[in-house]
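An overview of the molecular structure
The primary structure of each chain is shown beneath.
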Amino acid sequence: MNKFRSCMMMSKQQVMKFRTLSTMLELHFGMSLTSMSLTQIQHSLTVNIVSNLWLIKLFLPGMLARNHGHVINIASLAGIIPLAKITDYCAAKAGSIHSMNQLRAQHCNSNVVFTVVCLGLFALK
């Protein structure tokens, strides 16, 4: 929480200097959608996508002004491959992946790079 607070207390000049923004925010309840309360759904979507978009909105203008920067979103294969009992998480990660694709297309004439890393679970022997 201290890192988040320090980000919130940065001046506009400090924010404008960032060259790389990496986001990885994750929360899921491991419940079927019909078992979740509206508050749980809202909380999951706020953590998994709204916070990513807010951070990008905060740091992207400085990168665009300098015509240099890199936005990295650590997403999940769950945004591509549906998984049981985490509909909220899968939907948020799909939205996160697609929002990065949209930003990449929107700013294709700039030198700001948008990268999505889709992590998954792998069994190790």
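See the structure shown above.
These notes cover the structure that comes with them. Remember, predicted model here, so these are calculated numbers, not experimental data.

1. As for the overall build of the protein
Within the protein, the regular secondary structure consists of four helices and three strands. The secondary structure elements of the protein, listed N-terminal to C-terminal, are α-α-β-α-β-α-β. For the protein, the residues scored as buried account for 32% of the 125 residues in total.

2. A word on a nonpolar patch on the surface
Taken together, Ile 80, Ile 81 and Leu 83 make up a surface patch of nonpolar side chains, about 290 Å² in accessible area. Structurally, Leu 83 can be placed in the loop between strand S2 (69–76) and helix H4 (87–106). Residue classification places Leu 83 among the partly exposed residues on the basis of a relative accessible area of 45%.

3. Re the pairing of strand S3 (residues 112–119)
Bridge count between S2 and S3: eight bridges; the pairing is parallel. Among the inter-strand pairings, Ala 75 is bridged to a residue of S3, identified as Cys 118. Once the chain exits S2 it traverses H4 before rejoining the sheet at S3, and the crossover so formed is right-handed.

4. Points about the environment of Leu 77
Relative to the helices and strands, Leu 77 resides in the loop between S2 and H4. Here Leu 77 falls in the partly exposed class, since its relative accessible area comes to 29%. Between the C-alpha atoms of Leu 77 and Cys 118, which are 41 residues apart in sequence, the distance is 5.0 Å.

5. Overview of unusual backbone geometry
Of note in this structure, Asn 67 is not a glycine but carries a positive phi near 60°. By secondary structure assignment, the location of Asn 67 is in the loop between helix H3 (38–66) and S2. We classify Asn 67 as partly exposed; its relative accessible area is 32%. The phi angle at Lys 85 is positive, at roughly 65°, despite the residue not being glycine. Residue placement: Lys 85 occurs in the loop between S2 and H4. On the accessibility criterion, Lys 85 (53% relative accessible area) is exposed.

6. Observations regarding the nonpolar core
With eight residues, the main nonpolar core is built from Ile 56, Leu 60, Met 63, Val 71, Met 100, Leu 103, Val 112 and Phe 114. Of all the secondary structure elements, the ones that give two or more residues to this core are H3, H4 and S3. Looking at this core, the element that brings in the most residues is H3, giving three residues.

7. Comments concerning the environment of Leu 33
With respect to the helices and strands, the residue Leu 33 is situated in the loop between strand S1 (20–23) and H3. You can call Leu 33 partly exposed: its relative accessible area is 41%. As for Leu 33 and Lys 85, which are separated by 52 residues in sequence, their C-alpha atoms are 7.0 Å apart. Excluding residues within four positions of it along the chain, Leu 33 makes contact with Ile 41 and Thr 87.

8. Focus on the packing of H3 against H4
Their axes nearest at 7 Å, the elements H3 and H4 cross at an angle of 20°. When the axis of H3 is compared with that of H4, the two are roughly parallel. Every pair of crossing elements has a handedness; the one defined by H3 and H4 is right-handed. Of the residues in H4, those touching H3 at Ser 44, Leu 45, Asn 48, Ile 49, Asn 52, Leu 53, Ile 56 and Leu 60 are Asp 88, Tyr 89, Ala 92, Lys 93, Gly 95, Ser 96, Ser 99, Met 100 and Leu 103. Of the residues contributing to the contact of H3 with H4, the split by class is nine nonpolar, six polar and two charged.

Each value, and the rule that gives it
Residues numbered from 1 in each chain as written. Predicted model: local features only at pLDDT ≥ 70, side-chain atom pairs only at ≥ 80, totals over all residues. Heavy atoms only, no water. Helix = DSSP H or I, 4+ residues; strand = E, 2+ residues; numbered from the N terminus. Buried < 20%, exposed > 50% of the residue type's maximum accessible area, 1.4 Å probe, protein only. Patch = residues over 30% accessible without salt bridge, like charges linked within 9 Å, V, L, I, M, F, W, Y side chains within 5 Å. Areas by Shrake-Rupley, 256 points an atom, 1.4 Å probe, with all protein chains shown as cover. Salt bridge = Lys/Arg side-chain N within 4 Å of Asp/Glu carboxyl O. Pairing = 2+ DSSP bridges. Right-handed = clockwise from strand over helix to strand, strands pointing away. Core = buried A, V, L, I, M, F, W, Y, C linked by side-chain atoms within 4.5 Å. Contact = heavy atoms within 4.5 Å. Axes fitted to C-alpha atoms, helices over the stretch in contact; angles between N-to-C directions. Parallel < 35°, antiparallel > 145°, perpendicular 65-115°, else oblique. Left-handed = near helix turned anticlockwise from the far one by under 90°. Nonpolar A, V, L, I, M, F, W, Y, C, P; charged D, E, K, R; others polar.

Treat this as a map of the structure, not an account of what it does.
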